[in-house]
Amino acid sequence: MGQEEQVITGADEYGNTPSFWRRISKRLEVEGHSGDSNKDLDPVPPELRTWNWWHYISYWISDNFTPSGWRKAASLMQIGMSWRIALVNVAVSEILIAAVITINGYIGAKYHVSFTIQSRASFGYYFSILMICMRMIVGTFWYGISTYTGAECVRSMIYAMSPRFRNLENHLPASAHINTQFMISYFVYFVSIVPLHYVPIHRIRFLFTIKAIVTPIIGFGIMGWTIANASVGEQSLWSQGNTVHGSALGWVFMNGVYANMGGWATLAVNAPDFTRYAISPKHTYTMAIALPFTATLITFFGVVGAAGSKVLFGQILWDPLLFIDNWTSPGGRAAAFFCALGFYLAQACANISANSISAANDLNCMFPRYINIRRGQFIIAFVGAWALTPWNILTSASSFLAFMSGYTVWLAPICGIMVADFYLVHKRKYNVWELYNKNGIYRYNKWGINWRAFIAFFVGWVPLFPGFLPNVNKSIFVPRGMVHLYYLGYFYGFGAAALSYYVICYFWPARETMLDVPVYCDDVLNAREIEENSYGESDSLEKKSD
């Protein structure tokens, strides 16, 4: 019996045929798995390390030049800032979070492992699964919300191609919280981006390069057209000052910093998921500049567009898609289509890089025998886009949306502990192969829990929780001081967790994890190559002697 036939029947050496479900299970296993790992979970081999400095710049252009990035100043001005202070707020928050992402991303670039593997060194082999689940929930949720935004891009494209689509009759009940027009746009968007989930991570960088060229052109084009046609320099939006002053302005500013940093809290945790594909760690340093620069620039585009829309259309439009929907002449519709197409590409790339791949990595770690990154992305796509029904969340589940928006309360301590563990506790020395050994040094104890990280994690989020509650339920009253502490959420969560973890490890170190020298994946690969070559040379010598 050939090997292929033996796999199909599942017969063992004694001729016994396993059950139907056992054969199904065997067929579902991913290629190259080893029980507790697979090719996507293993350290990235040298031939797949293809990302250079430009790819990380284009990655952040991809993530920032989106409709969401364009609207960033709107929420800040609504809580009392002028447009100038709003731009400063964005710049400050993006510089800070870019530093965190770059620092944590260095770990992935140095050891070529994902967040899911890196977290085992800090939290323990099994306790890390809880952190992975928390990150996966966030990624899946925001995948669905971002899919909704992508559908808005498709709707604007259809508006431009067929103006009659604006008046399409609705055949869905009001209880559906979505109309026929938008459901068509949503379906078209989803079907069109599903094939992108098939592209391997080390090759998807070409999409970021395309977008890095297209979307800035669109942004500058919209801004230039607005200035040329609206003369926005004298409009009220530009002259509008702060509506809050004194200490109140200071706390509003901190609230804005927390919100903007929180927008990247997931990426701060899972930065190694994409930095592990770097040719060299130094190529990832460009993220520290690319992120704040592109975020501030696209925010400024949004301010210009909003100021001009008041003159051109009689209302302030912070959404660039609503802005271009007003271009109704034949030439205007053509321009609107290409702008919407650019935003569609931007949203698709951002959703895949920030949400889909991250959550798929989590599934890959939890079920390495059956799920690789590609399968994980398809699962996240269907669960996030359809099972969660994001149109219901956005229209009738404001408390749940506020809860998920405040998830930074838990993500900041996770990131703080991992950074402290690598730089302060273990002095940048990991044994990468022990990270894959469930009975190795990073198990910590029989339960696989690093109790030091357990305590530090709670120190990082528990004091913030009271200030978080009013965002979910406005009827809950907490002292003003607790709300102010929540406004400092990322700083406290990250800092308190990192400091407490370092102090605990200083007095009660896990000595079995302390290494004199680090062990990289390349060290083992090179050793194996030398060993194989030595065997080959010895074999050839034996043949010559014979």
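Parameters at a glance
- Residues numbered from 1 in each chain as written.
- Predicted model: local features only at pLDDT ≥ 70, side-chain atom pairs only at ≥ 80, totals over all residues.
- Heavy atoms only, no water.
- Salt bridge = Lys/Arg side-chain N within 4 Å of Asp/Glu carboxyl O.
- Helix = DSSP H or I, 4+ residues; strand = E, 2+ residues; numbered from the N terminus.
- Buried < 20%, exposed > 50% of the residue type's maximum accessible area, 1.4 Å probe, protein only.
- Expected span 1.5 Å × (residues − 1).
- Contact = heavy atoms within 4.5 Å.
- Phe/Tyr/Trp six-rings, centres within 6.5 Å; stacked < 30°, edge-to-face > 60°.
- Lys NZ or Arg CZ within 6 Å of the ring centre and 35° of its normal.

**A short note on the pattern of salt bridges**
Alright, step 1. Counted according to the given criterion, the structure contains eight salt bridges.
Alright, step 2. Among the ionic pairs, Asp36 bridges to Lys438, the shortest N-O distance being 3.8 Å. Note that Asp36 is positioned in the loop between helix H2 (20-28) and helix H3 (53-64) and Lys438 in the loop between helix H21 (408-425) and helix H22 (451-461), a separation of 402 residues in sequence.
Alright, step 3. A residue is classified by how much of its surface remains accessible, and Asp36, at 34% relative accessible area, is partly exposed.
Alright, step 4. For Lys438, a relative accessible area of 33% gives the class partly exposed.
Alright, step 5. Between Lys72 and Glu94 there is a salt bridge, with the nearest N and O atoms lying 3.2 Å from each other. Here the residue Lys72 occupies a position in helix H5 (residues 72-78), and Glu94 occupies one in helix H6 (residues 83-111), the gap between them amounting to 22 residues. Each member of the pair Lys72 and Glu94 is classed as buried.

**Digging into helix H12 (residues 247-263)**
Alright, step 1. With 17 residues, H12 ought to run about 24 Å at 1.5 Å a step, and its terminal C-alpha atoms sit 25 Å apart, in line with that.
Alright, step 2. Every buried residue of H12 is listed here: Leu249, Val252, Phe253, Gly256, Val257, Tyr258, Asn260, Met261 and Gly262.
Alright, step 3. The inward-facing, buried residues of H12 contact H5, H6, helix H13 (265-270), H21, helix H24 (480-487) and helix H25 (489-507).

**A look at the packing of aromatic side chains**
Where two aromatic rings form a pair, the distance of their centres and the angle of their planes describe that pair.
Alright, step 1. A complete count under the given rule lists 56 aromatic pairs for this structure.
Alright, step 2. Between Phe123 and Phe127, the aromatic rings sit 5.8 Å apart at their centres with planes inclined by 70°, giving edge-to-face as the arrangement.
Alright, step 3. We classify Phe127 as buried; its relative accessible area is 7%.
Alright, step 4. Judged by centre distance (6.1 Å) and plane angle (80°), the rings of Tyr430 and Tyr442 are edge-to-face. Residue Tyr430 is located in the loop between H21 and H22, and its partner Tyr442 is located in the loop between H21 and H22; the two are separated by twelve residues in the primary sequence. Taken individually, Tyr430 and Tyr442 each receive the classification buried, so the pair is uniform in this respect.
Alright, step 5. Positioned above the aromatic ring of Tyr159 is the side chain of Arg166, whose terminal nitrogen or guanidinium carbon lies 4.6 Å from the ring centre.
Alright, step 6. Its end group placed over the ring of Tyr198, Arg374 keeps NZ or CZ at 3.7 Å from the ring centre.

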